[in-house]
Number of protein chains: 2
Amino acid sequence: MKKVKVFITLKESVLDPQGQAVMQSLHNMDYKNVQDVRIGKYIELQMDDSADVAEQVDTICDKLLANTVIENYRYEVEEEVHS
Amino acid sequence: MKKVKVFITLKESVLDPQGQAVMQSLHNMDYKNVQDVRIGKYIELQMDDSADVAEQVDTICDKLLANTVIENYRYEVEEEVHS
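As the structure is a prediction and not an experimental result, all values here were calculated from the model.

Here is what the cut-offs are and how they apply
Note on numbering: residues in each chain are counted from 1, in written sequence order. Both sets of labels track the order of writing: A upward for chains, 1 upward for ligands. Per-residue local features are limited, in this predicted model, to residues with pLDDT of at least 70; the limit for side-chain atom pairs, both in listing and counting, is 80 or more; totals at the level of whole chains, interfaces and linings are taken over all residues. Working from all heavy atoms in the structure, the side-chain values ignore hydrogens and water. For two strands to count as paired, DSSP must find a minimum of two bridges between them. Labels follow the DSSP assignment, with helices taken as runs of H or I lasting at least four residues and strands as runs of E lasting at least two, numbered in each case from the N terminus. Here an angle of 0 to 180 degrees is reported between the N-to-C directions of two axes, which are lines fitted to C-alpha atoms, with helices fitted over the stretch in contact. Any two residues whose heavy atoms approach within 4.5 Å are treated as being in contact. Alignment of the copies relies on least squares applied to C-alpha atoms, considering only residues that score at least 70 for pLDDT in both. Throughout this description, the term salt bridge denotes a Lys or Arg side-chain nitrogen within 4 Å of a carboxyl oxygen of Asp or Glu. Here the term buried applies to any residue with accessible area under 20% of the maximum for its type, exposed to any over 50%, and partly exposed to those in between, with areas from a 1.4 Å probe on protein chains only. Computed with a 1.4 Å rolling probe, the buried area is the accessible surface lost when two parts are put together, summed over both parts. Here a polar contact is recorded for every N or O atom pair within 3.5 Å, except that within protein the pair must consist of a potential hydrogen donor and a potential acceptor, and residues adjacent in sequence are included only if both atoms are side-chain atoms. Polarity classes work like this: nonpolar for Ala, Val, Leu, Ile, Met, Phe, Trp, Tyr, Cys and Pro, charged for Asp, Glu, Lys and Arg, and polar for all others, with Gly in that last group.

### Section: the sheet that holds strand 1 (residues 2-10) of chain A
Sheet strands pair via backbone hydrogen bonds, and the direction of the pair is either parallel or antiparallel. Strands sit in the order 3(A)-1(A)-2(A)-2(B)-1(B)-3(B) across an open sheet of 6 strands; the sheet is antiparallel. Among the strands making up the open sheet, the edge pair consists of strand 3 (71-79) of chain A together with strand 3 (71-79) of chain B. If you compare each strand with its neighbour and ignore which way they point, the axes differ by 20° on average. Along the sheet, helix 2 (residues 53-65) of chain B contacts strand 2 (34-47) of chain A together with strand 1 (2-10), strand 2 (34-47) and strand 3 of chain B; its crossing angle with strand 3 of chain B, the most-contacted strand, is approximately 150°.

If you want it as structure tokens, here you go:
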């Protein structure tokens, strides 16, 4: 079993109004030292072992999880330890 | 400048209907080897240097970013390299 951690972030050039709202809230809470907030997605997949997990995850991200016009993604594949 | 990466995930015991919907879509796309999908948030904060960044991030997560009743969070603090 593989555990795949996928991180989806907005591209640098894309505005993040949700992040701006969070930053404004933090400033209102007196965390003035927060300079920027960007909000993305973190997705964990549990996948059966197969030779081409990385290739599959690439396709899954491109087709379903990320909007590659405005988002970047990266992922880490970990061996799941059975207890 | 510090870059803080915050990962917010649903607790194990909490149902994730969004993740289930994504898993169903993946099965429909013939990725039958995906056993589970959990969807969380990934938040990047840019913060000015201060001694107690970790403590601040703890408070920020508890008060604003995470709902600690149903979510767990963890974070990594990185030194931002200026170019």
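### What about the relation of the copies chain B and chain A?
With an RMSD of 0.0 Å, the operation that places chain B on chain A is a rotation of 180° combined with a shift of 0.0 Å along the axis. Both copies of the chain, as the preceding transformation shows, are related through a two-fold rotation axis. Within chain B, the C-alpha atom positioned nearest to the axis of rotation is that of B:Lys41, 2.2 Å from it. Taken as a fraction of all interface residues of chain B, those also at the interface in chain A reach 100%, which identifies the copy contact as same-surface.

### Regarding the pattern of salt bridges
Taken as a whole, this structure holds 9 salt bridges over all chains when the rule is applied. A salt bridge links A:Arg74 to A:Glu76, with the nearest nitrogen and oxygen atoms 3.7 Å apart. Its relative accessible area of 36% is what places A:Arg74 among the partly exposed residues. Judged by relative accessible area, A:Glu76 falls into the partly exposed class, the value being 34%. Of the charged contacts in the structure, one is a salt bridge between B:Glu79 and B:Lys2, with a shortest N-O distance of 3.0 Å. A residue pair is termed long-range when its members are at least 10 positions apart, and B:Glu79 in strand 3 and B:Lys2 in strand 1 qualify at 77 residues. Residue B:Lys2 is classed as buried on the basis of its relative accessible area of 17%. Each of A:Lys2, A:Asp49 and A:Glu79 takes part in salt bridges that share partners, so that together they form one network.

### Thoughts on the interface of chain B and chain A
On the chain A side, the residues contacting the 33 residues of chain B number 33 residues. Contact between chain B and chain A buries roughly 2800 Å² in total, counting both sides, with carbon and sulfur atoms accounting for 65%. When the area that chain B buries against chain A is broken down by residue, the three leading residues are B:Tyr31, B:Asn33 and B:Tyr42, summing to 21%. The tally of links between chain B and chain A comes to 0 salt bridges. Linking chain B with chain A are 14 residue pairs in polar contact (both at pLDDT 80 or more), by the criterion used here. Of all elements in the fold, only strand 1, helix 1 (17-28), strand 2 and helix 2 of chain B reach the threshold of two or more residues within the side of chain B that touches chain A. The residue makeup of the side of chain B that touches chain A, split by class, is 16 nonpolar, 9 polar and 8 charged. Sheet topology note: the strand 2 of chain A/strand 2 of chain B ladder contains 13 bridges and is antiparallel.

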